[in-house]
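Architecture and fold: a report
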Amino acid sequence: MLQLTDVKKSFTLPDGAELPVLDIPQWYVGAGEQVVVVGRSGCGKTTLLHVIAGISRPDSGRVRIDDWEITLFTEAESDRFRADRIGYVFQTFNLLPGFTALENVLLAMRFTGKPTDRGRARELLERVGLGHRIKHRPPMLSVGEQQRVAVARALANKPKILLADEPTANIDSGNQQQVLDLLSEACREEKVALVLVTHSPEVARQFERIDRLEEINRVVESTAKP
Amino acid sequence: MSLWKIAWRSIQQRALPSALTAFSIGLGVALVVAVLVIHSVLARSFQRGAGGYDLIIGAKGSPLQLVLNTVFYLEQQIETVPYDLYDRLDTGRHPASAGIKTVIPVCMGHAYRGVPVVATVPEMFTELTYLDEREYRFAAGRNFEYDGAFEAVAGWYAAREAGLRLGSKFSPVASGPAAEGAGHEDLPFEIVGILEPTGTPNDRALFVNMEGFFQCPAHAAGLSSLERSLQEPEKREDAPAPPEDHPEEGATHEHEDAHQHEGEDEQDHEHEADHQHEGDHDHDHDHEHHREVTAMLVVSRMDEAPGVATLLADAINKGNEAQAAKPVEVIAGLFEGIVGDVQTVLLVLAVLVVVVAGIGILVSIYNSMSDRRHEIAIMRALGARRSTVMAVILVESILLALGGGALGVLLGHGLIGVLGPTIAERTMVVVHPWEFQLVELILIPGLIVLATIVGYLPAVAAYKTDVARSLTATG
């Protein structure tokens, strides 16, 4: 379903030097599979998700989701594909503060170019336990509630794959489990593949497949060695 | 969810700076609206003043002065023309008479409590019209009549200003340099009618029967003292009837004539009134020989021959007796030449205020770009295209401009509503706050263009936002 082949990504530092971040020869996630990618902070987990989502382009290599090789897309095609088929949950929730919970979910639908489905948006918010707070704006919600809105938003367009970037890093332990359960169950129900990156072993232990970034990313492997 | 709603939410999120930006636009637009409306109303009012007649015939000199004096009662007409000229034009004994449908004589130079007094004939309100062929109507009473030598009609505001009602009596006082302060308490005119408001300068004038006016001692007030001193001996030499032609201390022969004949010789007055000048009465003929009028309002036979007004004006202007001015042309020239320039300057200043306020939109949005970049990056991560986020910024700019514009239109018309009574009181021009001008509609595309221009820079910044960097910078 998701396949990365010879993906390389590096950043140019202010002094002109190249900083390699990703070098992934092969990596695969099956349809509906739930994978947690573990790695220490700054090892390229977020960059990996950005490359999969088409937010960043790899310097070389191929990223394939189902039958689409997204690395061949134009930027506009990549944007549309992301809107249609990829859900994204951020570490800091990244809800738009001026919009209500319902509008944040509807906003994700807006960019697909299809009519927004208000019923589905309500249904998703009810599923994450926020049916009574759909008209509340993010500042009026707790951090746990905000992340649940973010999960609902990520599922709005019935994506093929959901990318979660440290989704529990900024919430208290009580809410952590709730969010993880929600992500896992929702992805299972919606038959959505889940790629969750975290630095937390506690979070990682809750998933059957745990991939260590240093095992799939040669850069991490090489920098990790003395 | 439309782009408008996304942009509106962004505005709501930054409510205070957005409101201040829109308010600054509103102030500029209010100025533009006020200038446009007041100019339009003034222009229309100027044109209204000259309605109902094609030409003004008066003494040789400045056509502008003749028009300002006759139409707006603004200037003091120094020179006069002989009544005989009016008589010849009216009775077909002048070569130009063929082109005349109606000629109305007017005598000015008097006032009552600061309100100009115009001596004329009843046809002023029966033969002439105003403002697109509207007929004069009376709010109270009736028109004055020929046989009521001391009857008068008041304009709507004139009656209020001078405190006159139906039945009120008043004595005009000669104004101007020639006959300062000369009053006629012994010859009071009686108000028999009050005109409905017309929106013309006639609203602020009193109209008296010319017959009664000629019986007042200072009817020749328009003449300069030098001219009168030169004319008086001449009159004495020419005068065949001594009792009527012995002026005393500024009082002319008509004054004495009035005293002598008031209530006694009504038949003579009727003859005068009916313009019976066939030489049956030497007394009347001599009487009229010395009469003078300030101007004549001429309705030409333009409906029969369109160019007749010009031919008529040329015929009068070629002679030495008088000049003929086309009030519409003179007023248009005045308005465009002077008032028009002032309006242009005001309009340019007001538009500059709007442009400066528009730059305020640019500054406001651009300054908030550091905050917005994160929101833009979120939208982009959700699948928004670059062009979409660019459009959101432009729409926000347009919403601010249009919101400010709507506020400005309300403020502008509110300003007119507040200033309206003062304008009406001082200029007799009634400006209604809800008087919208079609030209105001230009504001809508104008503001959209302005907002698009000033919104372009921040929109491009939004377009160029690096999503990954903006997400990780705050994420």
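Residues numbered from 1 in each chain as written. Chains lettered and ligands numbered in written order. Predicted model: local features only at pLDDT ≥ 70, side-chain atom pairs only at ≥ 80, totals over all residues.

Moving on, we come to the overall build of chain A. Assigned secondary structure in chain A consists of 9 helices and 9 strands. Of all 226 residues assigned to chain A, the portion counted as buried reaches 50%. Expressed as a percentage of contacts within chain A between residues at least 6 apart in sequence, the contacts between residues at least 24 apart total 72%. (Helix = DSSP H or I, 4+ residues; strand = E, 2+ residues; numbered from the N terminus. Buried ≥ 20, exposed ≤ 12 C-beta atoms within 10 Å, placed from the backbone. Contact = placed C-beta atoms within 7 Å.)

Scanning chain B from terminus to terminus reveals 16 helices and 15 strands. Within chain B, the fraction of its 475 residues that count as buried is 48%. Long-range pairs, those at least 24 residues apart, make up 78% of the contacts in chain B between residues at least 6 apart in sequence.

A word on helix α3 (residues 63-72) of chain B. Since one α-helical turn is 3.6 residues long, residues separated by three or four positions face the same way. Residues and elements named next belong to chain B. Along α3, 8 of the 10 residues are buried, which leaves the element largely enclosed by surrounding structure. Every buried residue belonging to α3 is among Pro63, Leu66, Val67, Leu68, Asn69, Thr70, Val71 and Phe72, and all of these are buried. Count one or two residues on from α3 and you reach Tyr73, which has phi positive near 55°.

Moving on, we come to the interface of chain B and chain A. On the side of chain A, 26 residues touch chain B, which itself brings 18 residues to the contact. Sorting the residues of the side of chain B that touches chain A by element identifies α1 (3-13), α13 (369-381) and α16 (467-474) of chain B as the ones contributing at least two each. Here the residues of the side of chain B that touches chain A sort into 7 nonpolar, 8 polar and 3 charged. (Nonpolar A, V, L, I, M, F, W, Y, C, P; charged D, E, K, R; others polar.)

Residue and element names in this part refer to chain A. The strand order β6-β7-β8-β3-β9 describes an open sheet built from 5 strands, whose pairing is parallel. At either end of the open sheet lies a strand with only one pairing partner, and these are β6 (86-89) and β9 (209-212). When strand polarity is set aside, the average angle formed by the axes of neighbouring strands in this sheet is 20°. (Pairing = 2+ DSSP bridges. Axes fitted to C-alpha atoms, helices over the stretch in contact; angles between N-to-C directions.)

Another point: the packing of helix α12 (residues 327-367) of chain B against helix α15 (residues 443-463) of chain B. All names here are of chain B. Put simply, α12 and α15 touch, their axes get as near as 9 Å, and they point 30° apart. What the angle tells us is that α12 and α15 run roughly parallel. In terms of crossing hand, the pair formed by α12 and α15 is right-handed. Across from Val354, Val355, Gly358, Ile359, Ile361, Leu362, Ile365 and Tyr366 in α12, the residues of α15 making contact are Leu450, Ala451, Val454, Gly455, Leu457 and Pro458. Partitioned by chemical class, the residues of the contact of α12 with α15 number 12 nonpolar, 2 polar and no charged. (Parallel < 35°, antiparallel > 145°, perpendicular 65-115°, else oblique. Left-handed = near helix turned anticlockwise from the far one by under 90°.)

Here the focus is the sheet that holds strand β1 (residues 2-12) of chain A. All names here are of chain A. Taken in spatial order, the 4 strands make up an open sheet running β2-β1-β4-β5, and their pairing is antiparallel. Among the strands making up the open sheet, the edge pair consists of β2 (18-29) and β5 (68-69). Looking at chain direction, β1 and strand β4 (residues 60-65) are connected through 5 bridges and run antiparallel. Residue Lys8 lies in a different strand from β4, and its bridge partner there is Ser60.

So, about the confidence of the model for chain A. Looking at chain A, the pLDDT average stands at 89 and 97% of residues meet or exceed 70. β4(A) holds the highest mean pLDDT among the elements of chain A, 94, whereas helix α9 (residues 218-224) of chain A holds the lowest, 59. (pLDDT = per-residue confidence, 0-100.)

A general trend in soluble globular proteins is that nonpolar side chains are found buried together. Residues A:Val105, A:Val151, A:Leu163 and A:Val195 are the most contacted members of the largest nonpolar core, which totals 120 residues. The element that contributes the greatest number of residues to this core is helix α2 (residues 15-49) of chain B, accounting for 13 residues. Here A:Val151 is in contact with A:Val89, A:Val128, A:Val179, A:Leu182, A:Leu183 and A:Ala186, once residues within four sequence places are set aside. One finds B:Leu55, B:Ala59, B:Val106 and B:Phe144 within the second-largest nonpolar core, a separate group that totals 75 residues. (Core = buried A, V, L, I, M, F, W, Y, C linked by C-beta atoms within 7 Å.)

Bringing the confidence of the model for chain B into the picture now. All names here are of chain B. Confidence in the prediction for chain B averages 78 pLDDT; 77% of positions are at 70 or higher. Low pLDDT, under 50, characterises residues 220-285; the predicted model gives this stretch 86 contacts beyond four residues in sequence or across chains. Taken together, the chains of this predicted complex give a pTM of 0.67 and an interface ipTM of 0.90.

Bringing α12(B) into the picture now. Residue and element names in this part refer to chain B. The end-to-end C-alpha distance of α12 is 56 Å, a good match for the 60 Å that 41 residues give at a rise of 1.5 Å each. Along its length, α12 reaches its greatest deviation from straightness, about 40°, at Gly340. Where α12 is concerned, the buried positions are Pro327, Val330, Ile331, Ala350, Val354, Ala357, Gly358, Gly360, Ile361, Ser364 and Ile365. (Expected span 1.5 Å × (residues − 1). Bend = angle between axes of the 7 residues up to and from the residue.)

If you trace the backbone, A:Asp117 turns up in the loop between α3 (101-110) and α4 (118-127). C-alpha separation for the pair A:Asp117 and A:Asn157, spaced 40 residues apart in sequence, amounts to 9.2 Å.

Let us now look at the pairing of β4(A). Residues and elements named next belong to chain A. The pairing of β4 with β5 spans 2 bridges and is antiparallel. Residue pairing for β5: Ile65 is matched across the bridge by Trp68. Two successive antiparallel strands, β4 and β5, enclose a turn made up of 2 residues, where Asp66 displays a positive phi of approximately 50°.

Quick look at the packing of α3(B) against α12(B) now. Residue and element names in this part refer to chain B. Between α3 and α12, the shortest axis-to-axis distance is 10 Å and the interhelical angle comes to 105°. With respect to each other, α3 and α12 are oriented roughly perpendicular. Along its contact with α3, which presents Pro63, Leu64, Val67 and Val71, the element α12 presents Pro327, Val330, Ile331 and Leu334. Taken together, the residues that form the contact of α3 with α12 break down as 8 nonpolar, no polar and no charged.

Attention now goes to the environment of B:Ala315. Residue and element names in this part refer to chain B. You can see Ala315 is positioned in helix α11 (residues 308-318). The class for Ala315 is partly exposed, based on 16 C-beta atoms found within 10 Å. As for Ala315 and Ala96, which are separated by 219 residues in sequence, their C-alpha atoms are 6.4 Å apart. Among all residues touching Ala315, those that are not within four sequence positions of it are Pro95 and Ala96.

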